[in-house]
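Spelled out from the first residue to the last, the chains are:
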Amino acid sequence: MTALAFVALPRSGDPVALVPLNAEAARRLPQLIKAPETLLLAHGTLEGSLIVQGGTPGFLEVLRSHGVLAINATAPGCGPAKAGVTP
């Protein structure tokens, strides 16, 4: 379990996969990541997920409170759906 947490937890400066956990989170996700410090990199492998980089302190906690799961995008299966494709 510890190994899974180590691989899946977002790391500072690394790309993050944002996975909406419900329809409301999926609808609001694009609005939640519009901070100037957040760079949208690609669509994730899971439906409705996005790969981003950046953000501000507390950014991941805010997303969690809106029903969005943040996963380390460098973990196997969590990265972009197609390398080099941006939304």
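Each value, and the rule that gives it
- Residue positions are given per chain, counted from 1 along the sequence in the order it is written.
- This being a predicted model, a pLDDT of at least 70 is required before a residue's local features are given, and a value of 80 or more before pairs of side-chain atoms are given or counted; all residues contribute to the totals for chains, interfaces and linings.
- Side-chain numbers here rest on the full set of heavy atoms in the structure, without hydrogens or water.
- A carboxyl oxygen of Asp or Glu within 4 Å of a side-chain nitrogen of Lys or Arg is what we treat as a salt bridge.
- Where helices and strands are cited, they refer to DSSP runs of H or I of at least four residues and of E of at least two residues respectively, numbered from the N terminus.
- Note: two strands are recorded as paired if DSSP finds a minimum of 2 bridges between them.
- Helix axes are fitted only over the stretch in contact, all axes being lines through C-alpha atoms; the angle between N-to-C directions runs from 0 to 180 degrees.
- What makes two residues a contact is simply this: any of their non-hydrogen atoms within 4.5 Å.
- Burial classification: accessible surface area is computed with a 1.4 Å probe over protein chains only, and a residue below 20% of its type maximum counts as buried, one above 50% as exposed, and the rest as partly exposed.
- The pLDDT score gives, residue by residue, the confidence of the prediction method on a 0 to 100 scale.
- Polar contacts, as counted here, are pairs of nitrogen or oxygen atoms within 3.5 Å of one another; within protein the pair requires one atom able to donate a hydrogen and one able to accept it, and residues that are adjacent in sequence qualify only if both atoms are side-chain atoms.
- Starting at the helix axis, one direction is taken to each C-beta atom, and the arc is that of these directions.

**Focus: the pattern of salt bridges**
Throughout the structure, instances matching the rule amount to one salt bridge. Salt-bridge contacts for Glu24 lead to Arg27; the nearest nitrogen and oxygen are separated by 2.6 Å. Taken together, the residues Glu24 and Arg27, both in helix H2 (residues 23-32) and three residues apart, mark about one turn of the helix.

**Quick notes on the sheet that holds strand E2 (residues 38-43)**
Taking strand neighbours across the sheet as the criterion, the four strands line up as E2-E3-E1-E4 in an open arrangement whose pairing is antiparallel. Edge positions in the sheet fall to E2 and strand E4 (68-72), since each of these pairs with one other strand and no more. Taking each pair of neighbouring strands and ignoring which way they run, the sheet shows an average axis angle of 35 degrees. Taken strand by strand, H2 contacts strand E1 (16-20), strand E3 (50-54) and E4, and its axis lies near 145 degrees from that of E1.

**Observations concerning the pairing of E1**
Of all five residues that make up E1, five are buried, and the element is covered over most of its length. Burial along E1 is two-sided: Val16, Leu18 and Pro20 facing one way and Ala17 and Val19 facing the other are all buried. Sheet analysis places E1 next to E3, joined by three bridges and oriented antiparallel. Residue pairing across strands places Val16 opposite Val52, the latter belonging to E3. Bridge count between E1 and E4: five bridges; the pairing is antiparallel.

**Quick look at the confidence of the model for the protein chain**
Mean pLDDT over the protein chain works out to 76, with 71% of the residues at or above the 70 mark. Here helix H1 (residues 2-8) is the element of the protein chain with the lowest mean pLDDT, 55, and E1 is the one with the highest, 90.

**Considerations on the side chain of Ser49**
In this structure, Ser49 sits in the loop between E2 and E3. For Ser49, a relative accessible area of 4% translates into the label buried. A polar contact is formed between the side chain of Ser49 and the backbone oxygen of Leu46, at a distance of 2.6 Å. The residues contacting Ser49, other than those within four sequence positions of it, are Leu18, Val19, Pro20, His43 and Gly44.

**Describing H2**
If you check which residues of H2 are buried, you get Ala25, Leu29 and Leu32. Here the buried residues of H2 occupy an arc of 75 degrees about the axis, which is enough to place them on one side. Exposed residues on H2 whose side chains face more than 90 degrees from its buried face are Ala23, Arg27 and Gln31. Where H2 starts, the residue carrying a side-chain oxygen 3.2 Å from the main-chain nitrogen of Glu24 turns out to be Asn22.

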